[in-house]
Structures are given as C-alpha cells and as structure tokens.
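# Examination of the molecular architecture
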Amino acid sequence: MTARQSTIRLTMAQAVVRFLAQQHTARDGHEQALFGGVFGIFGHGNVAGIGQALHEQRSALRYYLARNEQAMVHTAAAYAKMHNRLRTLACTPSSGPGATNMITGAAGATINRVPVLLLPGDIFAGRRPAPVLQQLESSQSQDVSVNDCFKPVSRYWDRINRPEQIVTALPEAMRVLTSPAETGAVTLALPQDVQAEAYDYPAALFEPRVWTVGRPRADRDRLQQAAQWIRASRRPLIVAGGGVLYSDATGALRRLVDATGIAVGETQAGKGALPDPHPLSLGGVGATGTQAANRLAHDADLVLVIGSRLSDFTTASKTAFQHDTVRFIGINVTELDAFKHAALPLVGDARAVLDELLPLVAGYHVTAEYVEAVAASQAAWRAEVDRVCSPQSEIQSAIRNPQSENQSAISNPQSALLEQAHVIGVLQDTLAPTDVIVCAAGSLPGDLHKLWRARDPKGYHMEYGYSCMGYEIAGGLGVKMAAPEREVYVLVGDGSYLMMAQEIVTAVQEGIKVTVVLFDNRGFASIGGLSEAVGSGGFGTRYRYRNAATGELDGDVLPVDLAANAASLGARVICADTLAALRDALATTANDPRTSVIVVPVAREARVGGYESWWDVPVAEVSTTPEVQSARAAWEKARQKERDFL
Ligand SMILES: Cc1ncc(C[n+]2csc(CCOP(=O)(O)OP(=O)(O)O)c2C)c(N)n1
Ligand SMILES: [Mg+2]
C-alpha cells in the first residue's frame with residue numbers, strides 16, 4: 001500500500017457489501033446499479049459476517065429473505081435475464097447445505113449464460129475449531145469444502161482465505177459477471193472466520209465503479225464473406241436465440257429481415273426476437289418448433305444463427321437441417337457458440353454485427369417463390385394454432401387418444417377436464433402483449449414454444465437451458481422485481497409446483513405480485529409421454545397410490561389438494577375447471593394486487609404433438625417388451641437423419 005492511499009477499516013463481509021452497492025453497468029450510455037439487492041438465508045456460516053454487514057448497510061443494499069437457496073439463485077437468474085444481463089442479484093447462504101442447495105441454481109445460470117453472484121459461507125480458514133458443524137472432511141486434504149462443488153458450474157470461482165484477497169477477487173468477479181461472453185454463476189466462497197475479520201481496505205475499492213458492457217464487432221473479412229454467402233443463398237433461414245434479446249438486437253434483426261426477406265425461427269430463449277405478428281416470423285424452431293419453421297429449416301441452404309447455443313432442442317438433435325450443402329453463419333459474442341456447426345464465425349455483439357451486415361447485403365432479396373412459400377406456411381401454421389387452441393377440438397382429442405383419462409369428454413363434454421392447449425389459448429387471448437409468461441419444465445415449454453405468440457421481446461420468459469423444475473415461481477419473482485410495471489404470469493405444472501412452491505411466501509412477504517397458473521394433471525405428462533414413447537408405458541410418472549393388488553403406482557388418485565397448499569402459503573387461490581371460470585379468474589386476479597394461484601385441472605393425455613421434428617432419446621437396445629423393441633426400431637431409423645457438420 002502506498003502512503004497516498006487512504007484506508008477504511010472494515011470486516012471482509014462489510015467490505016464486500018459496501019463494494020457491491022457501488023457497482024454499476026453501462027451500455028449504450030445507459031447506466032444502472034448492477035445489484036438490485038441480496039437474497040439470503042442465514043445460518044452460522046454467514047449470519048455474523050455477511051448478515052451483520054447487510055444489517056448495518058441495509059439502506060445501501062436491500063436484503064430479501066428467501067425460503068430455499070436454490071430458489072434464490074433462480075430468482076437472481078430470472079432477474080438478470082429480464083434485465084438482459086445488465087443487472088443481477090447477489091445470493092448469500094450459510095455454509096454446508098445452504099451452500100450446496102445453490103448448486104442447481106448455479107448450474108442453471110451458467111448454462112443459460114446469465115449472471116448471478118453467489119457468496120456461500122465456507123469452513124474456517126483458521127481451521128482450529130474444525131470440523132465445524134456441516135463440514136465435509138477429507139483424509140487427503142484440509143483444503144477441501146463442499147463449496148468446491150461449485151467449480152464446474154461457475155464461470156469464476158474463488159475462496160477468500162485472507163481479507164485482503166477481495167481487493168483482487170471482487171474486480172475479477174465483476175468482470176466476469178458483466179462480460180456477455182463469459183457470464184454465468186460467479187462464486188466467492190467466504191470462510192466464516194474471515195468474513196468477520198477486519199482489514200484496512202484501500203478507500204478506492206469503494207468508489208462507484210461502472211462496468212461498460214461493450215458491443216464487440218466481428219472480423220471485417222469474415223463479415224464480407226458472410227455477406228457473400230447470404231447473397232449466394234436461395235433458401236436462407238435465421239435462427240434467433242436469446243442473444244438477440246440480451247443484446248437488444250430485435251430492431252436490428254427486423255431491419256435485416258425486412259430488407260432481405262429472410263424468415264426467422266426462434267429458440268426457446270429467443271422467442272420474441274421478432275415479435276408477433278410479422279410476415280417473416282415462423283415461430284419456434286427445432287424439436288418443439290412449428291411446422292412452418294421446421295420445413296424451412298429442413299431445406300435451408302444457409303442458416304444464420306444469431307445468439308444461440310444450438311442445443312439439441314434447437315437442432316432437433318442435429319436432424320433439423322437436411323440440405324446437402326447447408327452451411328452456417330454463427331453470430332455470437334461467445335466463441336464457443338459462434339464456431340458451432342463449423343459455422344463461419346462472426347464473433348461479436350449481435351446488434352453490432354447485424355448493423356454492420358445490413359449494408360453489406362444491400363440489394364439482396366430472397367426469391368418470389370421463397371416469399372410465397374413463407375407466407376403460405378405461416379398462414380397454415382396460424383390456422384393450425386387456432387385449431388389446436390380452440391375448445392371445439394376437445395371432444396375430438398379425447399377420441400384421438402383412446403387411453404385418455406379424459407374419456408368422459410366423449411359422453412359428457414361438460415364434465416371434461418380442460419386441455420392444456422385450450423388453457424394456453426385463453427391465456428393468449430386474455431394477457432396483454434407486455435405481460436410476461438414464465439415457465440421452465442414439463443409439457444408446457446414444448447406447447448408454448450409452438451403455440452404462444454410472443455408479441456413483446458420480453459413477454460416470453462422460458463428457462464430451457466437447464467429446464468429446471470422449480471424455477472417457475474422463484475423465477476417469476478425475479479421477473480416481477482425486474483419489471484414491476486408488467487403483469488407476470490407463472491405457468492407451472494403440478495410436478496414443478498410440488499418441487500418448489502415456497503417462494504410464494506417470499507412474494508407475499510414482499511408484496512411482489514405474481515399470478516401463478518397451476519396446470520394440475522396429477523403427475524408428469526411430459527415424461528409420462530416420453531416414457532410411453534420409449535416403450536415403458538408411463539411407468540412411475542403418475543401421482544397415484546401404490547396399489548396393493550398390483551404392487552404398482554396405479555392405485556387411486558392421491559388426495560393432494562394443491563389449492564389448499566397454495567392458500568396455506570398466503571396466496572389468493574381460485575380454482576378454474578372450465579374455460580369460462582379461467583377467464584373470470586384471470587379478470588379477478590388482474591385487478592388484485594396480491595399474489596394469486598389459479599389452479600386449473602387439465603387432462604394428462606391431451607397432448608400437442610410434434611411437427612416434423614425429433615428429439616434423440618436413446619431406447620434400450622435389448623428388451624423383452626415388444627413396445628420397447630418397436631420403439632428401438634423407430635429410434636434407429638430416425639437417428640439416421642442425424643448429421644455431423646464439419
Ligand atoms: C429438477 C428436475 N428434475 C427432473 C426433471 C425431469 N422432468 C422434466 S419434466 C418432468 C415432469 C414435470 O411435471 P409437471 O411439472 O407436472 O409438468 P407436466 O409434465 O405434467 O406438464 C420431469 C420429472 C427436470 N426437468 N427437472
Ligand atoms: Mg403435471
């Protein structure tokens with residue numbers, strides 16, 4: 001330390017909190033605080049350190065009490081995603097189980113490329129009282145704790161064994177959090193004793209700091225090459241991913257497609273990149289995509305991938321693109337993604353790259369034949385969505401599915417369980433374009449990817465990188481905190497709800513309104529369907545009693561009352577078992593500032609099918625079950641379409 005530097009004596013934890021409150025991001029000249037607060041659950045591993053610091057500095061950085069550590073990371077990730085990664089929340093758990101509860105959330109954030117700051121408590125750096133409560137012991141090393149488990153799921157990981165280490169660790173942590181290319185979970189493990197230790201910190205550490213999120217530009221020669229490829233293309237397609245939204249490139253995308261006539265398919269994270277309606281929007285692409293997008297993908301000779309990780313859902317497990325000489329242009333701020341599928345990599349910010357590409361393709365336009373084909377397939381798809389979402393098809397669907405638990409629909413339409421697609425139709429009709437739907441796992445993501453018309457770039461919030469059951473309600477909380485001016489609708493299955501509903505209590509406590517629409521089909525419709533498809537008949541996916549006669553889980557329906565459960569957590573609860581009741585419930589909750597749960601019983605078997613697509617789930621190679629054998633044969637055939645792009 002030089003003599004000129006003034007210092008401030010603080011505990012390490014006080015210094016961390018003080019530092020976090022001073023961090024900002026700026027993009028395109030717009031500056032905002034990086035941290036919108038700190039979520040936490042206290043235990044011996046953080047209460048006297050970070051807990052004390054948060055108490056003392058509570059006017060600088062607000063503390064929120066979560067109910068589960070995994071949930072609070074989902075909340076932070078959703079908050080960050082809603083803010084296009086320019087803001088996030090910090091999470092403080094105790095050490096031990098409080099810390100490891102966050103690992104699932106950390107993996108989700110890193111996989112989805114969204115920033116979250118995790119500050120787990122850690123074992124004593126001084127070691128004398130070891131093993132402390134909840135400490136993992138090793139006979140090989142004393143330099144091991146459960147927090148080492150965060151390493152593979154963090155983009156930056158550090159353990160602060162001396163208080164002065166934060167002087168170098170915190171700026172690194174912020175660099176990674178605010179780097180569009182590197183971002184994800186950042187973990188600073190904070191030993192319990194060191195949190196409370198004082199140090200003379202340089203005062204400069206606590207000066208306000210602005211992390212400029214730039215717009216890196218792609219290599220010029222490669223841009224020229226990309227423009228040539230586009231000009232040479234007769235059947236191009238754009239695959240728009242989450243990067244389009246994060247980079248605020250929806251306007252740039254629209255300008256490019258309006259000028260060239262190239263149609264757009266969207267990934268789960270990219271849905272809303274070209275908001276509906278637009279003549280060149282084909283909706284979702286890939287395993288859960290629309291017929292319109294999947295047909296164009298099948299024949300595309302050039303795929304312009306913008307801000308996508310090209311997951312197996314997007315590529316239909318590498319079967320989506322079947323043109324003999326198809327080639328790819330990868331526009332991505334992350335090299336790893338830009339190079340996928342042997343693409344011509346345009347490594348850079350999506351908006352900057354699109355802005356520079358536009359003048360280079362001036363004069364290029366797709367053919368009249370392409371324009372006609374896109375218009376026709378879009379019109380056909382819109383009609384198909386209307387058909388699938390319209391209640392008139394309720395009875396036909398029960399007839400289509402002879403195994404249906406909805407057989408009563410055939411004899412008595414009044415008593416029929418609702419179909420999920422019809423509920424989605426009502427939500428689509430009722431919600432305002434700027435309202436946000438939040439979802440993550442089960443059968444809803446696939447149905448929504450196909451059926452939902454995202455009319456606002458931030459209106460469709462799907463966590464489908466990790467597809468983590470339990471994200472939904474916790475995530476909804478983060479979305480509402482990030483966009484309090486919007487109505488937030490959490491769409492959640494009964495399985496996901498049972499896994500993690502407790503953040504309703506946090507929402508009630510904070511007066512943060514979310515409206516949960518709970519689709520109760522008594523078990524796992526999605527994985528049940530997948531189990532049937534692989535020949536296992538939905539084994540182990542129904543919420544039913546074990547049947548003494550058969551020894552299987554095929555007894556009576558369980559007496560679980562999800563409405564009573566939600567009410568017990570403090571939510572307003574409405575049960576809606578008809579579409580009319582659902583419309584009423586949505587009107588009622590829209591005018592209520594409280595957090596509500598609308599419980600909608602839906603038929604498990606009434607599923608929305610796939611549209612000329614596939615997902616690779618390998619089937620048992622040997623089995624005595626004929627259903628498995630035929631599923632295997634079908635899988636072996638379908639798999640032949642998988643391609644290597646080299
Ligand atoms: C944490 C977690 N565990 C398991 C899975 C695998 N999984 C995907 S969907 C699903 C069932 C979801 O059930 P529910 O929420 O009721 O939705 P439904 O399938 O009935 O639409 C399961 C078990 C997962 N995605 N996440
Ligand atoms: Mg379910």
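Below is a short write-up of the structure. Within any chain, residue numbers begin from 1 and follow the written order of that chain's sequence. As a convention, the first chain written is A and the first ligand written is 1, with the rest following in written order. Only residues with pLDDT of at least 70 get local features here, since the model is predicted, and only at 80 or more are side-chain atom pairs given and counted; chain-wide, interface and lining totals rely on the full set of residues. Side-chain numbers come from the whole structure's heavy atoms, not from hydrogens or water.

### A closer look at the overall build of the chain
Spelled out, the test is: Secondary structure elements follow DSSP: runs of H or I no shorter than four residues count as helices, runs of E no shorter than two count as strands, and numbering proceeds from the N terminus. Here the globule rule is a power law, 2.2 Å times the number of residues to the power 0.38, and the radius of gyration is based on C-alpha atoms. Accessible area is worked out with a 1.4 Å probe on protein chains only. A residue is then buried under 20% of its type maximum, exposed over 50%, and partly exposed in between. Here, two residues are considered to be in contact whenever any of their heavy atoms come within 4.5 Å of each other. Here the Shrake-Rupley method, with its probe set to 1.4 Å, supplies the accessible areas, and only the displayed protein chains count as covering residues.
From N to C terminus, the chain includes 26 helices and 24 strands. Computed over the C-alpha atoms, the radius of gyration of the chain is 26 Å, within 12% of the 26 Å expected from 2.2 N^0.38 for a compact globule of 646 residues. Considering only C-alpha atoms, the chain reaches an extent of 80 × 70 × 55 Å along its principal axes. Across the 646 residues that make up the chain, the buried fraction comes to 57%. Across the chain, the fraction of contacts at a sequence separation of at least 24, relative to all contacts at a separation of at least 6, is 76%. Of the accessible surface of the chain, which amounts to about 25,800 Å², a share of 51% is contributed by carbon and sulfur atoms.

### Quick word on the packing of helix α8 (residues 220-232) against helix α14 (residues 350-360)
Each pair of packed helices gets described by two things: the angle between the helix axes and the distance between those axes. Note the following rule: Note on geometry: axes are lines fitted to C-alpha atoms, helical ones only across the stretch in contact, with angles between N-to-C directions running from 0 to 180 degrees. Here the angle decides the label: under 35 degrees means roughly parallel, over 145 means roughly antiparallel, 65 to 115 means roughly perpendicular, and every other value means oblique. For any pair of crossing helices, the crossing counts as left-handed if the nearer helix is rotated counterclockwise from the farther one by less than a right angle, and right-handed if it is rotated clockwise. Polar here means any residue other than Ala, Val, Leu, Ile, Met, Phe, Trp, Tyr, Cys and Pro, which are nonpolar, and Asp, Glu, Lys and Arg, which are charged; Gly is therefore polar.
Across the interface, α8 lies against α14 with an axial gap of 10 Å and an inter-helix angle of 55 degrees. When the interaxial angle is binned, α8 and α14 end up oblique. Regarding α8 and α14, the two cross each other, and that crossing is right-handed. For the pair α8 and α14, contact is made by L223, Q224, A226, A227, I230 and R231 and by V353, E356, L357 and L360, respectively. Across the contact of α8 with α14, the residue classes break down as seven nonpolar, one polar and two charged.

### Looking at helix α26 (residues 626-639)
For the α-helix, the turn length of 3.6 residues means that residues three or four positions removed from each other point alike. Applicable threshold: Expected helix span is given by 1.5 Å per residue-to-residue step, counting one fewer step than there are residues. Arc definition: it is the arc formed by the directions from the helix axis to the C-beta atoms.
The terminal C-alpha atoms of α26 lie 20 Å apart, and with 14 residues this matches the ideal 20 Å at 1.5 Å per residue to within 8%. Every buried residue belonging to α26 is among V628, A631, R632 and W635, and all of these are buried. Looking straight down α26, one finds its buried side chains confined to an arc of 105 degrees; they lie on one side. In α26, those exposed residues whose orientation departs by more than 90 degrees from the buried face are P626 and K637.

### Quick notes on the coordination of the magnesium ion (ligand 2)
Here is the rule we go by: Each metal's donors are the N, O and S atoms found within 2.8 Å of it, except that Na, K and Ca use a 3.2 Å limit; water is left out, so coordination can look incomplete.
Every protein donor of the magnesium ion (ligand 2) is listed here as D494 (OD), N521 (OD1) and G523 (O), and their distances to the metal cover 2.0 Å. Between consecutive donors of the magnesium ion (ligand 2), the numbers of intervening residues give the motif D-x26-N-x1-G. Placement of D494 in helix α21 (residues 494-499) and of N521 in the loop between β22 (515-520) and α23 (525-533) is noted, with a sequence separation of 27 residues between them. Residue D494 shares its accessibility class with N521, and that shared class is buried.

### Structural notes on the pattern of salt bridges
Put simply, the test is: By salt bridge we mean one thing: a side-chain nitrogen of Lys or Arg within 4 Å of a carboxyl oxygen of Asp or Glu.
Tallying each qualifying case throughout the model produces 31 salt bridges. Across the salt bridge formed by R159 and D122, the nearest N and O atoms sit 2.8 Å from each other. Taken together, the residues R159 in strand β9 (residues 156-159) and D122 in strand β8 (residues 121-122) connect sequence positions 37 residues apart. An identical accessibility class is assigned to R159 and D122; each is buried. Residue R453 pairs with D386 through a salt bridge whose shortest N-O separation is 3.2 Å. Taken together, the residues span a long stretch of sequence, with R453 in the loop between α19 (444-451) and β20 (460-462) and D386 in helix α15 (residues 368-389) at a distance of 67 residues. Given a relative accessible area of 19%, R453 falls into the buried group.

### A closer look at the site of ligand 1
Inclusion rule: Nearness here has a simple test: a residue counts as near a molecule or strand if at least one of its heavy atoms is within 4 Å of that partner. For the purposes of these results, a polar contact is taken to be a pair of N or O atoms within 3.5 Å, where, inside protein, one atom must be able to donate a hydrogen and its partner to accept one; residues adjacent in sequence count only when each atom of the pair is a side-chain atom.
Around ligand 1 there are 15 residues in total, and S443, S467, D494, G495 and S526 lie nearest to it. Take M469: an N or O atom from its main chain is 3.2 Å from a nitrogen atom of ligand 1. Protein chains bury 77% of the 580 Å² of accessible surface belonging to ligand 1 in isolation. Sorting elements by how many residues they give to the shell around ligand 1 places α21 first, with four residues. Tallied by class, the residues present in the shell around ligand 1 amount to five nonpolar, nine polar and one charged.

### Details of the pairing of strand β16 (residues 302-306)
We count it as follows: Between any two strands, pairing holds if DSSP finds at least two bridges.
Among the five residues that make up β16, five are buried, leaving the element largely enclosed by the rest of the structure. Going residue by residue along β16, you find L302, L304 and I306 tucked away on one face and V303 and V305 tucked away on the opposite face as well. Bridging between β16 and strand β17 (residues 327-332) involves five bridges; their strand directions are parallel. If you follow V305 over to β17, its bridge partner there is G330.

### Quick word on the packing of aromatic side chains
Here is the rule we go by: Between 30 and 60 degrees the pair is tilted, below 30 it is stacked and above 60 it is edge-to-face, where a pair is any two Phe, Tyr or Trp rings, Trp via its six-membered ring, whose centres lie within 6.5 Å.
Tallied over the entire structure, the rule returns ten aromatic pairs. Between F39 and Y64, the ring centres sit 4.9 Å apart and the planes meet at 15 degrees, which makes this aromatic pair stacked. Of this pair, F39 sits in strand β4 (residues 35-40) while Y64 sits in strand β5 (residues 63-65); the two residues are 25 residues apart in sequence, bridging distant segments of the chain. Ring geometry for F328 versus F645: centroids 4.9 Å apart, planes at 70 degrees, classification edge-to-face. Residue F328 is located in strand β17, and its partner F645 is located in the segment after α26; the two are separated by 317 residues in the primary sequence.

### Here's the deal with the nonpolar core
Selection rule: Throughout this description, the term nonpolar core refers to a set of buried Ala, Val, Leu, Ile, Met, Phe, Trp, Tyr and Cys residues connected via side-chain atoms within 4.5 Å.
Counting residues in each nonpolar core, the largest one holds 94 residues, and the members touching the most others are L253, F321, I329 and L448. Here the element with the most residues in this core is α15; it accounts for six residues. Discounting chain neighbours no more than four positions away, the residues touching I329 are A226, W229, I230, L302, V303, L304, V305, A343, L344 and L346. In this structure, A109, A483, A501 and I512 belong to the second largest nonpolar core, which totals 55 residues.

### Side note on the sheet that holds β17
Within the open sheet, the six strands sit side by side as β15-β14-β13-β16-β17-β18. Their pairing is parallel. This sheet does not close on itself; its edge strands, each paired only once, are β15 (281-284) and β18 (344-347). Each strand of the sheet is rotated relative to its neighbour by a mean of 20 degrees, with strand direction disregarded. Bridging between strand β13 (residues 236-240) and strand β14 (residues 263-266) involves four bridges; their strand directions are parallel. Residue pairing across strands places L237 opposite A263, the latter belonging to β14.

What is shown is where atoms sit, not what they do.
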